[in-house]
Amino acid sequence: MDTEIEEEASLTLPIFYSNPYCNSGNDVKVKDNKTVILTDSIYKKIEIGKISKVTFASDVLYIKELKTKYTDTIEFSSNCVAMYVCKKVDLKKDNIFNSNGKKVVMYVEEDLDVDKGSNFTGSVYSEKKIDSKGYKNARTIMKGMFIAEHIHSKYTDWNWDTNCGSCASFNT
């Protein structure tokens, strides 16, 4: 179903928290077919090669931009994680984001793009857009709570997850 709702919602949105460290940290490039644990909290651009697994050890992450290739896995060590992203999060096809269902809340100043066959678990607050692009034979699964100026999806299964309350580390 590809339906656009044109009505304005009557509700109070939560506070959006921006990343104050957009020009700090280091760039990280994970090569293809690698498994790595990233232990820092502040990053510039993170690029993940195909068929790789990245685990974030910190419970608060400040990232300028996050991009994957296909068949990547992103996991978290902490049970409760806040991610603050300056630009875009771009998850290519067949990615797995947070398969263990940890409490992850992502604040994205630009866009979250999730490609076909991917499985995303976490809550997202984007100041611009969330775009989920599944295909008839490679549906995308989005589980969490999602807020954005514009949300577009095709062949996407949306599931509500109330596991998005506050963590002690949030908003720090």
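Structure's up top.
Presented here is an overview of the structure given in this document. Please read all numbers here as calculations on a predicted model, not as lab measurements.

**What to know about the overall build of the protein chain**
A count of helices and strands for the protein chain gives 0 helices and 18 strands. The globule rule puts the C-alpha radius of gyration for 172 residues at 16 Å, and the 15 Å found for the protein chain is close to it. Within the protein chain, the fraction of its 172 residues that count as buried is 45%. Within the protein chain, residue pairs in contact and separated by at least 24 positions form 25% of the contacts whose partners lie at least 6 positions apart.

**So, the state of the cysteines**
In a disulfide, the sulfur atoms of two cysteines are covalently bonded to one another. Summed over the entire model, instances satisfying the criterion amount to 1 disulfide. Across the disulfide, Cys22 is cross-linked to Cys86 (sulfur-sulfur distance 1.9 Å). A torsion of -100 degrees about the S-S bond marks the disulfide between Cys22 and Cys86 as left-handed. Pair noted here: Cys22 is in the segment before β1 (26–30) and Cys86 is in the loop between β7 (80–85) and β8 (89–91), with a separation of 64 residues, a long-range link. By the burial criterion, Cys22 is buried, and Cys86 matches it.

**Quick word on unusual backbone geometry**
The phi torsion at Asn33 lies on the positive side, around 60 degrees, for a residue other than glycine. Phi angles above zero are rare outside glycine, and Tyr155 is one such case at about 50 degrees. Note that Tyr155 resides in the loop between β17 (150–154) and β18 (156–160). Judged by relative accessible area, Tyr155 falls into the partly exposed class, the value being 32%.

**Considering the sheet that holds strand β2 (residues 35–38)**
Judged by pairing direction, the sheet is parallel, and its 7 strands sit side by side in the order β2-β4-β6-β9-β12-β15-β18 without closing on themselves. Looking at which strands have only one partner, the edges of the open sheet turn out to be β2 and β18. Here strand β6 (residues 73–76) runs beside strand β9 (residues 96–97); their pairing, made up of 2 bridges, is parallel. Looking across to β9, one finds that Ile74 is bridged to Phe97.

**Side note on the side chain of Ser118**
Within the secondary structure layout, Ser118 lies in the loop between β11 (111–115) and β12 (119–121). Within the structure, Ser118 has its side chain in polar contact with the backbone oxygen of Lys92 (distance 3.0 Å). Setting aside anything within four residues of it in sequence, one finds Ser118 in contact with Lys92, Lys93, Asp94, Asn95, Arg139, Thr140 and Ile141.

**A short note on the nonpolar core**
By size, the foremost hydrophobic cluster in this structure holds 29 residues, and its most contacted members are Phe56, Met83 and Phe120. Apart from residues no more than four positions distant in its own chain, Met83 is found in contact with Leu61, Ile63, Leu66, Phe76, Phe97, Val104, Val105, Met106 and Tyr107.

**A look at the packing of aromatic side chains**
With the rule as written, the count across this model stands at 13 aromatic pairs. Each ring, one from Phe16 and one from Tyr107, has its centre 5.7 Å from the other, and the planes form 85 degrees; the classification is edge-to-face. One end of the pair, Phe16, is in the segment before β1; the other, Tyr107, is in strand β10 (residues 103–108), and 91 residues separate them in sequence. Each member of the pair, Phe16 as well as Tyr107, is classed as buried. An aromatic cluster is present here, built from Phe16, Tyr17, Tyr21, Tyr62, Tyr84, Tyr107 and Tyr125 joined pairwise through their rings. Taking the ring centre of Tyr70 as reference, the NZ or CZ of Lys93 above it sits at 5.6 Å.

Each value, and the rule that gives it
- Residues numbered from 1 in each chain as written.
- Predicted model: local features only at pLDDT ≥ 70, side-chain atom pairs only at ≥ 80, totals over all residues.
- Heavy atoms only, no water.
- Helix = DSSP H or I, 4+ residues; strand = E, 2+ residues; numbered from the N terminus.
- Rg over C-alpha atoms; globule rule 2.2 N^0.38 Å.
- Buried < 20%, exposed > 50% of the residue type's maximum accessible area, 1.4 Å probe, protein only.
- Contact = heavy atoms within 4.5 Å.
- Disulfide = S-S within 2.5 Å.
- Pairing = 2+ DSSP bridges.
- Polar contact = N/O pair within 3.5 Å; in protein donor to acceptor, adjacent residues only side chain to side chain.
- Core = buried A, V, L, I, M, F, W, Y, C linked by side-chain atoms within 4.5 Å.
- Phe/Tyr/Trp six-rings, centres within 6.5 Å; stacked < 30°, edge-to-face > 60°.
- Lys NZ or Arg CZ within 6 Å of the ring centre and 35° of its normal.

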